[in-house]
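Structural features, examined
Listed below are the residues making up each chain.
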Amino acid sequence: MSLYRKYLRIAGLVAGIVSPAFAASLSAQGGGQARRAVAAPASDAAAREALLEPARSMLRHLVGRWRVEIRFAGNFDGPPDASGTRVVAPLFDDLRLQWTEALDSSRTRSQGLLGFDSRSGRFYSSTVDSAGSGAEFLTGTLSTLEPLVTFNPIAPASGQKATESFTWTMVDQDHFTWAPLDRGWRAVLTREQ
C-alpha cells in the first residue's frame, strides 16, 4: 500500500509540473485563439459582423494585377497548362470587386464580380467568359480558421449543367489559389509587381 501511495505522489507531482507547461505551449501554438474562434456568437447579426473584417481584408488583398497559372491534375512541376493575366479593381467600395482575365495562348476572355454581402454574411461570385455557354453564379462561406472561402453553385437554370464548387485560398498577400473541390485543376495567382 505504501508503494502505491508513493507512485501516486510521483504521478501527482509530474502532472503538476507538466500541466502548466503543456497549457502554455498550446497557447503559444494558437490554442487560445482556437478556443475563441469556436465560441458561438450571441446572435446571427454578431456572427455576420464577425465575418465582415476578415472578408474585407481578403478582398482588399485581391486588388491589383495577377499572373494566372493553371495546372491540371497530375501537373505538379511542369510548365502551366494555361496562363494569363487577371486585373482586379474595386467596383463601388471595398466589399465589391470586378475583374477581367485574358489567357496568353487563346482568345478566351473572362470577367466577373466578387464580393461580400454583409447582410447575409456570405461571399458571392459571378463569372462569364467568351468560351462558356452562360454565366456562373456562386455563393461562398468564409472559414473562421483560415483565409479560405468555399463557393457552391446557385442552382442552374433547367437543362444546364451544374457548376462545380470551388475554394479560394489566400496563401499570402502575393499569392492565392482557386480550385474546384474535385481538384481536377488549380489556378495559382501571383501578384505582378
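Right, let's walk through the structure included here. (Residues numbered from 1 in each chain as written. Predicted model: local features only at pLDDT ≥ 70, side-chain atom pairs only at ≥ 80, totals over all residues. Heavy atoms only, no water.)

A few points about the environment of tryptophan 178
Relative to the helices and strands, tryptophan 178 resides in strand β9 (residues 175-180). In this structure, the C-alpha to C-alpha distance between tryptophan 178 and phenylalanine 166, residues twelve residues apart in sequence, is 6.8 Å. With sequence-adjacent residues up to four places away left out, tryptophan 178 is seen in contact with Leu138, Phe151, Phe166, Thr167, Trp168, Trp185, Arg186 and Ala187. (Helix = DSSP H or I, 4+ residues; strand = E, 2+ residues; numbered from the N terminus. Contact = heavy atoms within 4.5 Å.)

Focus: the environment of serine 165
Here serine 165 shows up in the loop between β7 (148-153) and β8 (166-172). Distance from serine 165 to leucine 181, taken between C-alpha atoms, is 5.8 Å for residues 16 residues apart in sequence. A distance of 2.9 Å separates a polar atom in the side chain of serine 165 from a polar atom in the side chain of asparagine 152. (Polar contact = N/O pair within 3.5 Å; in protein donor to acceptor, adjacent residues only side chain to side chain.)

Quick word on the packing of aromatic side chains
This model, assessed by the stated rule, comprises seven aromatic pairs. Judged by centre distance (4.8 Å) and plane angle (80°), the rings of tryptophan 66 and phenylalanine 176 are edge-to-face. Here tryptophan 66 is found in strand β1 (residues 64-72), whereas its partner phenylalanine 176 is found in strand β9, with 110 residues between them in sequence. Considered together, tryptophan 66 and phenylalanine 176 belong to a single accessibility category, that of buried residues. Considering the side-chain rings of phenylalanine 123 and phenylalanine 151, the 6.4 Å spacing of their centres and the 70° angle between planes classify their relative orientation as edge-to-face. Residue phenylalanine 123 is found in strand β5 (residues 122-129), and its partner phenylalanine 151 is found in strand β7; the two are separated by 28 residues along the sequence. The residues phenylalanine 123 and phenylalanine 151 share a single accessibility class, namely buried. Through a chain of ring-to-ring contacts, the aromatic side chains of Phe116, Phe123, Phe151, Phe166, Trp168, Trp178 and Trp185 assemble into a single cluster. Between arginine 86 and the ring centre of tryptophan 99, over which it is positioned, the NZ or CZ distance is 3.9 Å. (Phe/Tyr/Trp six-rings, centres within 6.5 Å; stacked < 30°, edge-to-face > 60°. Buried < 20%, exposed > 50% of the residue type's maximum accessible area, 1.4 Å probe, protein only. Lys NZ or Arg CZ within 6 Å of the ring centre and 35° of its normal.)

Brief notes about the nonpolar core
In terms of nonpolar packing, the biggest core is built from 29 residues, with Leu59, Leu62, Phe116, Phe123, Phe151 and Trp168 touching the most fellow members. Those residues within four positions of phenylalanine 116 in sequence are excluded, and the remaining contacts are Leu51, Leu52, Ala55, Leu59, Leu95, Gly121, Arg122, Phe123 and Tyr124. (Core = buried A, V, L, I, M, F, W, Y, C linked by side-chain atoms within 4.5 Å.)

A word on the sheet that holds strand β3 (residues 96-103)
Strand order in the closed barrel made by the ten strands is β1-β2-β3-β4-β5-β6-β7-β8-β9-β10, with antiparallel pairing throughout. The mean inter-strand angle of the sheet, taken between neighbouring strand axes irrespective of direction, is 25°. Note that strand β2 (residues 82-90) and β3 share seven bridges and pair antiparallel. Note that in β3 the partner of glycine 84 across the bridge is leucine 103. Across the sheet, helix α3 (residues 44-62) touches β1, β2, β3, β4 (109-117), β5, β6 (136-142), β7, β8, β9 and β10 (185-191), and the angle it forms with β4 is around 155°. (Pairing = 2+ DSSP bridges. Axes fitted to C-alpha atoms, helices over the stretch in contact; angles between N-to-C directions.)

Some words on the pattern of salt bridges
Counted according to the given criterion, the structure contains nine salt bridges. Two residues, arginine 86 and glutamate 101, come together in a salt bridge whose shortest N-O distance is 2.7 Å. Of this pair, arginine 86 sits in strand β2 while glutamate 101 sits in strand β3, placing them 15 residues apart in sequence. In this pair, the class of arginine 86 matches that of glutamate 101, namely buried. Three or more residues are tied together by salt bridges with common partners; here these are Glu53, Arg56 and Asp94. (Salt bridge = Lys/Arg side-chain N within 4 Å of Asp/Glu carboxyl O.)

A few points about unusual backbone geometry
Generally, phi is negative for residues other than glycine and the peptide bonds are trans, each holding for most cases. Unusually for a residue other than glycine, arginine 183 sits at a positive phi of about 60°. Along the polypeptide, arginine 183 turns up in the loop between β9 and β10.

Describing the pairing of β9
Of the strand pairs in this sheet, β8 and β9 are connected by six bridges, and their pairing is antiparallel. Counterpart to methionine 170 in the pairing with β9 is phenylalanine 176. Where β8 hands over to β9, the hairpin turn is made up of two residues, counted between the paired strands. With four bridges connecting them, β9 and β10 associate as antiparallel partners. Looking at the pairing, phenylalanine 176 lines up with leucine 189 of β10.

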